Amino acid sequence: MQACFISTVSGPFSPHLIADIAKITRQSGGHWLSSKIIRIDDQFSAMMKVEVSIGDPETLQDQLESTFPQLRFTFEEAGPQKTEHRLLSLTLHCADRSGLTHDINTLFDGLDIAITHQENNRVAVMGSNETVYQAKLQLEVPQAMTDDDIAGALDTLNINHRVSFSE
């Protein structure tokens with residue numbers, strides 16, 4: 001029987017740490033379906049969706065906690081992998097304004113688009129009081145939704161934007 005869970009882990013980073021966590025996962029009959037890892041200075045944080053095909057997920061969870069006592073783990077049961085969505089990368093450039101990130105997130109939420117990764121940058125334009133906004137997003141988009149549908153939805157924000165897509 002297969003079981004899935006989401007694990008979050010954080011703590012001090014060291015060389016080979018991620019590989020060591022993956023190795024313990026594999027040795028315990030699990031594998032990562034997806035992961036996001038971030039490192040700042042000597043600290044890191046990660047989220048992994050883990051599927052355990054052999055044995056009990058609690059055994060793997062206990063093994064991770066005992067092998068890495070310097071790290072903080074949390075575990076939550078996860079549902080099945082969604083299949084009705086496709087992955088899409090989007091880059092958005094436009095003039096900045098107050099509340100823009102919130103408006104983009106609200107728009108996508110209303111369209112059943114999940115933002116799985118978001119990076120926002122604001123850059124001052126030399127010689128003016130204006131800033132340019134850039135967002136790089138990884139999205140889970142409903143299969144039936146086209147890139148043109150997404151671009152049209154962004155048009156409703158009236159932000160004079162340029163958008164590019166990649167699968």
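Just above, that's the structure.
Scoring rules and cut-offs
- Residues numbered from 1 in each chain as written.
- Predicted model: local features only at pLDDT ≥ 70, side-chain atom pairs only at ≥ 80, totals over all residues.
- Heavy atoms only, no water.
- Axes fitted to C-alpha atoms, helices over the stretch in contact; angles between N-to-C directions.
- Helix = DSSP H or I, 4+ residues; strand = E, 2+ residues; numbered from the N terminus.
- Left-handed = near helix turned anticlockwise from the far one by under 90°.
- Contact = heavy atoms within 4.5 Å.
- Nonpolar A, V, L, I, M, F, W, Y, C, P; charged D, E, K, R; others polar.
- Patch = residues over 30% accessible without salt bridge, like charges linked within 9 Å, V, L, I, M, F, W, Y side chains within 5 Å.
- Areas by Shrake-Rupley, 256 points an atom, 1.4 Å probe, with all protein chains shown as cover.
- Salt bridge = Lys/Arg side-chain N within 4 Å of Asp/Glu carboxyl O.
- Phe/Tyr/Trp six-rings, centres within 6.5 Å; stacked < 30°, edge-to-face > 60°.
- Buried < 20%, exposed > 50% of the residue type's maximum accessible area, 1.4 Å probe, protein only.

Trainee: An account of the packing of helix 1 (residues 17–27) against helix 2 (residues 57–67) is needed here, citing residue identities and associated values.
Mentor: Pairs of packed helices are described in terms of their axes, by the angle between the two and the distance that separates them. Their axes nearest at 10 Å, the elements helix 1 and helix 2 cross at an angle of 145°. At the point where helix 1 passes helix 2, the crossing takes the right-handed sense. For the pair formed by helix 1 and helix 2, the contact residues are Ile 21, Ile 24 and Thr 25 on the first element and Leu 60, Gln 63, Leu 64 and Thr 67 on the second. Across the contact of helix 1 with helix 2, the residue classes break down as four nonpolar, three polar and no charged.

Trainee: Give me a nonpolar patch on the surface: which residues, what numbers.
Mentor: Taken together, the side chains of Val 123, Val 125 and Val 132 make up a nonpolar region of the molecular surface, amounting to roughly 200 Å² of accessible area. Counting through the fold element by element, Val 123 comes out in strand 6 (residues 114–124).

Trainee: I'd love a proper account of the packing of aromatic side chains, names of residues and values included.
Mentor: Tallied over the full model, the rule gives three aromatic pairs. A centroid spacing of 6.0 Å and a plane angle of 70° characterise the contact between Phe 13 and Phe 44, whose relative ring orientation is edge-to-face. Of this pair, Phe 13 sits in the loop between strand 1 (3–12) and helix 1 while Phe 44 sits in strand 3 (residues 43–52), and the two are 31 residues apart along the sequence. A residue is classified by how much of its surface remains accessible, and Phe 13, at 27% relative accessible area, is partly exposed. Relative to Phe 75, the ring of Phe 73 lies with its centre 5.8 Å away and its plane at 10°, an arrangement referred to as stacked. Put simply, the rings of Phe 5, Phe 73 and Phe 75 pair up and form one aromatic cluster.

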